[in-house]
Amino acid sequence: MVREQIASPTLGEYAVEDGRVLGAMRTVPRHLFVPPDLLKLAYADRPLPIGHGQTISQPFIVAAMTELLQVGPGDRILEIGTGSGYQAAVLAEIVGRVFTIEIVEPLAEDAEERLRRLGYDNVEVRWGDGYYGWEEKAPFQGIVVTAAASHIPPPLLEQLQPGARMVIPVGPPLQVQTLMLVEKRLDGSIVQRSLMPVRFVPFTRSE
Amino acid sequence: MRPGRERLALHLAILLLSAVGIAYEIALMRVLSVAQWHHFAYMIISIAMLGFAASGTAVALLRDRLEGKERQLLAAGALLLTASLVACYALSQRVPFETFRLATEPAQLRYLLALYLILAVPFFLVSWCIMLGFLLEPRRIGRIYFLNMLGSGLGAAGIVALLFRVDPADVPYVLTLPAALAFVLAALGQPRLWLAGLALPAGLLLLTGRQPVRLSEYKGLSYALQLPDARVVAVETSPLAVVTAVASSAIRETPGQLSGYPMRELGALPEQVGLYFDGGAVSVVSRFDGSLEPFAFLDFVTGALPYRLVERPKVAVVGAGGGIEVLSALRHGAEHVTAIEVDPSVFHLMRTELREFSGGLYERGDVTPVHAEGRRFLEAQEDGAFDLIQVALLDSFNASAAGVHALSESYLYTTEALQLYLRKLSPAGVLSITRWLKTPPRDAIKLFATMVEAAERSGIDDPGRHLAFIRSWNTATLILSRSPLTDSQLAAVRSFGEERGFDVSYLPGIGPEEVNRFTVLEQPLYYEAAQRLLSKERSDLFGEYAFNVRPATDDRPYFSRFFLWRSLPRFIAASRGGWFNFVEWGYVALVATITQAALAGLFIVLLPLLIFSRGEHGTQRGGVMLYFAALGFAYMFLEIAFIQRFMLFLAYPVYAVSVVLTAFLVFSGVGSYVADRRLRAAQSAGARRLVRGAVLLIAALGVLYILLLPPAFRAAADWSDAARVASSLLLLAPLAFLMGIPFPVGLQLTSNARPSLVPWAWGLNGAASVLGATLATLTAIHIGFRAVVLFALGFYAMAALALARLTPATTSARERADGVYAP
């Protein structure tokens, strides 16, 4: 396995530079999170299917989302949509505790078993509906929502600590996604940023 | 058995087999729309063509060995077809093909190929039987062709009727009956023992059992069914779509981002049932007990903006579906709501299984449900009838997948449609359209451009004063008002944006500092685009923008087509391999189908025939090739163009497909029958005159229809469905009749001169038809439907020129002795 391939995630002009994120990307054995028949592609910079219509995001997106959260040791992170558990593992390398909710039962079971086997005892997996977040563990210093939805569940915004950030990848399955960055300012107001991982301006003229 | 009865049985068998062939094709299109996405309809067309072309090649190559055994082989073909209808369908549903995985899993290409080969078998067999029919009656080519067309026409009409009652997944099973009957008819005159062959399909049926459609794991319904407490409440089927109603506490769909919704104070969202159309697009039905309190959240989406601009409005909701926009209107104090919905299953469900749940929403005094296509209904209303027309957040839900071809044309978002909406608004009324946003921006920019042009064409001098545009992170709502927006309305837009955290991207007099505050984009592209669209730079923007944001028109009704070839190098350069994020799958499928059809035509029809029949009838082959290929293109170009034209008139895409297809097939069949009779007395010179006359008349009618159909349709705005269908059939009859003449006449001339070229001509025409169908759509997307008709006329002219080369002078000895037809 060429784990180094994903150790310097860049795409277009956007590069992940946070040393802790890069270290986590290097440490987490991604090949243990992908389906066996796709092992060869484990370290390719692309999303892969994991069944149930879900995917393991491409390494760049995982790294970028982790960096955008701006979190560190001692922080508590909520993740909606555990999937394979890869994002949770990367976060677990950096933060204090990760709480992750998966609605598809077999995925939740597999991810929990996998994370336990790999020794991530600072990750807690729950099978269920993530819409209402995980109120007992709130507030969170960062939230990742990988489940596509028509709206950001209001309870998640409530459970986000003022000053903290939420990241939501948006886009069709198995394609490069746009990242929505939601910032809850200290006064409780919300600002969103739409970030293209791909530097692309649709006007031709140079201004 | 007497030869007369045997012949009648054969003719009936051909009729039935043709009907089964087209019905199976349409049913498979529906199956694939459910299993994957509707643009796979194209794939079925090219699969059918693959089967047709392959059997043309097979018969051409095996011709000597078939001689004397045609009847038995035809019966055998019908028997195998009977068995293959279910077997191939069931097998295809076990292939784990997933579109989205094509880029990651090499195995997916093999699955796709397997689907092609499996599903091509029944079409191979249908075509095999028809060609053997030609060989059995070489002097009645026109008659066999007539039966083939008539059967196909009846099949096209029949399948639409069938799909009202039967799930597409069950159609292969139902079609086994007519196929078996065709076999029995074809086997008449053979030893009785033949009938024992029916054990084969019967055995296979028992073996496979009912095979449900294999739903892609990436479709909305698949996701919904994985929710912890999901249960299917009801399934309704119509030719438009299979609607599956799913209940789960985890279904919470809203028309866009709920911005700043204080859930603790105003409560959680009401319970919902999701209606999944063909397993994909979803429309929700909300639990409703008459109280509008629980629907407070509907004031926290961008789509609530128009209710800040009009008071106690009379509202028309286009695409009402499960009624969330209707509830929003009621919640916002609408005086009356007209809920227009094209899919009959929705109202039926709301009246039956979901009646109690939905609280009889569509039975209230202040709500009028209208089962109709939006434009068609509005056209018939008085001008100024509504204070607010709202086009619901429809996914390009498009029923035309039920029929032949209709990628994603939508007549709700064309410039002409917006002009119509404006006419139906009261003087203070507003039009409101909400769209999901894509990154990089395209939908909302195209919609803004369309609004600007519609306003201009409606005589509004300064469209900028009539427009407003707000956005959340995932939706945009655009407003076009009949009168200039007043100062208080402008203030209302601003305060709505401010209160809810929505960015105002355009409003008369807005500055760049106001437009990018809540959902911050790297560059305020919406604002910049809006400014340019309202200035003299509009056409520069269309020319420079990386996506196609030119307004859609009725001539080119492809609102959802944004991809531009010229941008491909930029996409590739910008995204390092991720370029496919910028292209649309439907469009890719279309181009892929054209490539596939062209390759299949080359490798399955042209090459084998060129290699194996080297040296035979050299010059004549060129003529045959040109003639039948040109006819294939011409016929399909006209058929596709008229399906599109009539879609607007007949309101329901599926009716348009069915009526136009039936009219074309049946009346072309009649044309071929009449030509057949005329030919009996004619020399080949007479036959050529007949074809040239037909081509001239087709050209004249084609041009006449381009000019006269749009005004004629407008004049018939308030006609009933029955009157529309009848007048459509009448309008299409003469054209289709004439279009039925050139093919069988050419085939007869070929059959007389060089019978061995007949299967080749058949296969070639099949290949050209499929390529023609897809090319016609591509032409319509890029140049428009008028151009499609003109191209068709050009192809007819080519065919007329190639006609002279169909019968070489050396073969005319027989003609001189017998006439073209020796009865």
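As the structure is a computational prediction, the values presented were derived from the model and not from experiment.

Analysis parameters
Residues numbered from 1 in each chain as written. Chains lettered and ligands numbered in written order. Predicted model: local features only at pLDDT ≥ 70, side-chain atom pairs only at ≥ 80, totals over all residues. Heavy atoms only, no water. Helix = DSSP H or I, 4+ residues; strand = E, 2+ residues; numbered from the N terminus. Buried < 20%, exposed > 50% of the residue type's maximum accessible area, 1.4 Å probe, protein only. Contact = heavy atoms within 4.5 Å. Areas by Shrake-Rupley, 256 points an atom, 1.4 Å probe, with all protein chains shown as cover. Rg over C-alpha atoms; globule rule 2.2 N^0.38 Å. Lys, Arg positive; Asp, Glu negative; His and termini not counted. Charge placed at Lys NZ, Arg CZ, Asp CG, Glu CD. Core = buried A, V, L, I, M, F, W, Y, C linked by side-chain atoms within 4.5 Å. Pairing = 2+ DSSP bridges. Axes fitted to C-alpha atoms, helices over the stretch in contact; angles between N-to-C directions. Parallel < 35°, antiparallel > 145°, perpendicular 65-115°, else oblique. Left-handed = near helix turned anticlockwise from the far one by under 90°. pLDDT = per-residue confidence, 0-100. Disulfide = S-S within 2.5 Å. 1 Å grid on protein atoms, 1.4 Å probe; cavity = no way out; pocket = protein on both sides within 12 Å on 5 of 7 lines; lining within 4 Å. Points joined across faces, edges and corners; volume = space filled by probe spheres on them. Nonpolar A, V, L, I, M, F, W, Y, C, P; charged D, E, K, R; others polar. Right-handed = clockwise from strand over helix to strand, strands pointing away. Polar contact = N/O pair within 3.5 Å; in protein donor to acceptor, adjacent residues only side chain to side chain. Salt bridge = Lys/Arg side-chain N within 4 Å of Asp/Glu carboxyl O.

1. Considerations on the overall build of chain A
Then, number 1: Counting its regular elements, chain A contains five helices and 11 strands.
Then, number 2: Counting all 207 residues of chain A, 59% fall into the buried class.
Then, number 3: For chain A, the proportion of contacts with a sequence separation of at least 24, taken over those separated by at least 6, is 53%.
Then, number 4: Accessible surface for chain A amounts to roughly 8,100 Å². Of this, 50% is attributable to carbon and sulfur atoms.

2. Focus on the overall build of chain B
Then, number 1: On a plain count of helices and strands, chain B comes out with 27 helices and 13 strands.
Then, number 2: Radius of gyration (C-alpha) of chain B: 28 Å, near the 28 Å computed for a compact globule of 823 residues.
Then, number 3: Projecting the C-alpha coordinates of chain B onto the three principal axes gives extents of approximately 90 × 55 × 55 Å.
Then, number 4: When burial is assessed residue by residue, chain B has 64% of its 823 residues classed as buried.
Then, number 5: Surface summary for chain B: the accessible area is close to 28,700 Å², and the carbon and sulfur share equals 61%.
Then, number 6: In chain B, the 70 positive side-chain charges and the 63 negative ones have mean positions that sit 12 Å from each other.

3. Brief notes about unusual backbone geometry
Trans peptide bonds make up most of the peptide bonds, and negative phi angles are found at most residues other than glycine.
Then, number 1: Look at the link from Ala138 of chain A to Pro139 of chain A: it is a cis peptide, with omega at 0°.
Then, number 2: Structurally, the position occupied by Pro139 of chain A is in the loop between strand 7 (123-127) and strand 8 (140-145).
Then, number 3: Within the chain, Gln70 of chain A stands out as a residue other than glycine whose phi angle is a positive 50°.
Then, number 4: Topologically, Gln70 of chain A is positioned in the loop between helix 2 (59-69) and strand 5 (76-80).
Then, number 5: Even without being a glycine, Asp278 of chain B presents a positive backbone phi close to 50°.

4. Comments concerning the nonpolar core
Soluble globular proteins tend to bury their nonpolar side chains together.
Residue and element names in this part refer to chain B.
Then, number 1: Judged by nonpolar contacts, the single largest core of 220 residues is most densely connected at Leu378, Leu431, Phe642 and Phe664.
Then, number 2: Counting residues per element, this core draws most heavily on helix 20 (residues 618-650), which supplies 20 residues.
Then, number 3: When near neighbours in sequence (up to four residues on either side) are disregarded, Phe664 contacts Tyr635, Leu638, Glu639, Phe642, Gly669, Leu732, Leu735, Ala736 and Met739.
Then, number 4: Grouped together as the second largest cluster of nonpolar side chains are 70 residues, Ala241, Phe288, Phe295 and Phe347 included.

5. Quick look at the sheet that holds strand 1 (residues 231-237) of chain B
All names here are of chain B.
Then, number 1: If you trace the four strands from one edge of the open sheet to the other, you get 1-2-3-4, paired in antiparallel fashion. Looking at strand neighbours, the two that pair on one side only are strand 1 and strand 4 (282-286), the edges of this open sheet. In this sheet, adjacent strand axes meet at a mean angle of 20° when their direction is disregarded.
Then, number 2: Relative to strand 2 (residues 242-247), strand 1 is paired through six bridges, and the arrangement is antiparallel. Bridging from a neighbouring strand, Arg231 pairs with Ala247 of strand 2.

6. Let's talk about the packing of helix 1 (residues 3-35) of chain B against helix 5 (residues 141-163) of chain B
Residues and elements named next belong to chain B.
Then, number 1: Running from N to C, helix 1 and helix 5 cross one another at 40°; their axes reach a closest spacing of 7 Å. By the angle between their directions, the pair helix 1 and helix 5 is classed as oblique. For the element pair helix 1 and helix 5, the recorded crossing hand is right-handed. Here His11, Ile14, Leu15, Ser18, Ala19, Ile22, Ala23, Ile26, Ala27 and Arg30 of helix 1 come into contact with helix 5, specifically with Arg143, Ile144, Leu147, Asn148, Leu150, Gly151, Ser152, Gly155, Ala156, Ile159 and Leu163.

7. Thoughts on the confidence of the model for chain B
Should pLDDT be low for a region, the predicted coordinates there are not to be read in detail.
Then, number 1: For chain B, mean pLDDT is 87; residues scoring 70 or higher make up 92% of the total.
Then, number 2: In this model, residues 396-406 of chain B is a region of pLDDT below 50 whose contacts with residues beyond four sequence positions or in other chains number 45 contacts.

8. Concerning the sheet that holds strand 5 of chain A
Then, number 1: If you trace the eight strands from one edge of the open sheet to the other, you get 7(A)-6(A)-5(A)-8(A)-9(A)-10(A)-11(A)-13(B), paired in mixed fashion. In this open sheet, the two strands that pair with only one neighbour each are strand 7 of chain A together with strand 13 (519-520) of chain B.
Then, number 2: As judged from the five bridges shared by strand 6 (residues 97-102) of chain A and strand 7 of chain A, these two strands associate in the parallel manner. What sits directly across from Phe99 of chain A, in strand 7 of chain A, is Glu124 of chain A.
Then, number 3: The sheet contacts of helix 2 of chain A involve strand 5, strand 8, strand 9 (160-170), strand 10 (178-184) and strand 11 (190-195) of chain A, and relative to strand 9 of chain A the element is tilted by about 165°.
Then, number 4: Packing of helix 4 (residues 105-117) of chain A onto the sheet brings it into contact with strand 6 and strand 7 of chain A, and relative to strand 7 of chain A it is tilted by some 160°.

9. Examining the state of the cysteines
Disulfide: a covalent bond connecting the sulfur atoms of a pair of cysteines.
All names here are of chain B.
Then, number 1: Going through the model one piece at a time under the given rule, you end up with zero disulfides over all chains.
Then, number 2: Cys88 forms no disulfide, and the closest cysteine sulfur to it belongs to Cys129, at a distance of 14 Å.
Then, number 3: Its relative accessible area of 9% is what places Cys88 among the buried residues.
Then, number 4: What makes Cys129 buried here is its relative accessible area of 0%.

10. Quick word on empty space enclosed by the protein
Residues and elements named next belong to chain B.
Then, number 1: For the structure shown, the criterion picks out 10 cavities of 30 Å³ or more.
Then, number 2: The calculated volume of the second largest cavity comes to roughly 780 Å³.
Then, number 3: Elements that contribute at least two residues to the lining of the second largest cavity include exactly helix 1, helix 2 (41-66), helix 4 (107-136), helix 5, helix 20, helix 21 (653-680), helix 24 (742-753) and helix 25 (758-782).
Then, number 4: For the lining of the second largest cavity, the residue count by class is 25 nonpolar, eight polar and two charged.

11. Quick word on the environment of Leu757 of chain B
Then, number 1: Turning to its location among the elements, Leu757 of chain B is positioned in the loop between helix 24 and helix 25.
Then, number 2: As a C-alpha pair, Leu757 of chain B and Arg532 of chain B span 225 residues in sequence and 59 Å in three-dimensional space.

12. Considering the pairing of strand 8 of chain A
Within a regular beta strand, the side chains point alternately toward one face of the sheet and then the other, so they alternate between its two faces.
Residues and elements named next belong to chain A.
Then, number 1: Burial of strand 8 is extensive: six of the six residues sit out of reach of the surface.
Then, number 2: The sheet contact formed by strand 5 and strand 8 spans four bridges and is parallel. Among the inter-strand pairings, Ile80 is bridged to a residue of strand 8, identified as Val145.
Then, number 3: In terms of strand pairing, strand 8 meets strand 9 through four bridges, oriented parallel. When the bridges of strand 9 are listed, Phe140 appears paired with Leu160.
Then, number 4: Crossover connection from strand 8 via helix 5 (residues 154-159) to parallel strand 9: handedness right-handed.

13. Focus on the side chain of Arg538 of chain B
Residue and element names in this part refer to chain B.
Then, number 1: Mapped onto the secondary structure, Arg538 falls in helix 17 (residues 538-544).
Then, number 2: Side-chain polar atoms of Arg538 contact the side chain of Glu456, separated by 2.5 Å.
Then, number 3: Here Arg538 is in contact with Val452, Glu453, Glu456, Arg532 and Leu533, once residues within four sequence places are set aside.

14. Section: the pattern of salt bridges
Residues and elements named next belong to chain B.
Then, number 1: For the structure shown, the criterion picks out 35 salt bridges over all chains.
Then, number 2: A salt bridge links Arg71 to Glu6; its shortest N-O distance comes to 4.0 Å. Here the residue Arg71 occupies a position in helix 3 (residues 70-92), and Glu6 occupies one in helix 1, the gap between them amounting to 65 residues.
Then, number 3: The class of Glu6 is partly exposed, set by a relative accessible area of 23%.

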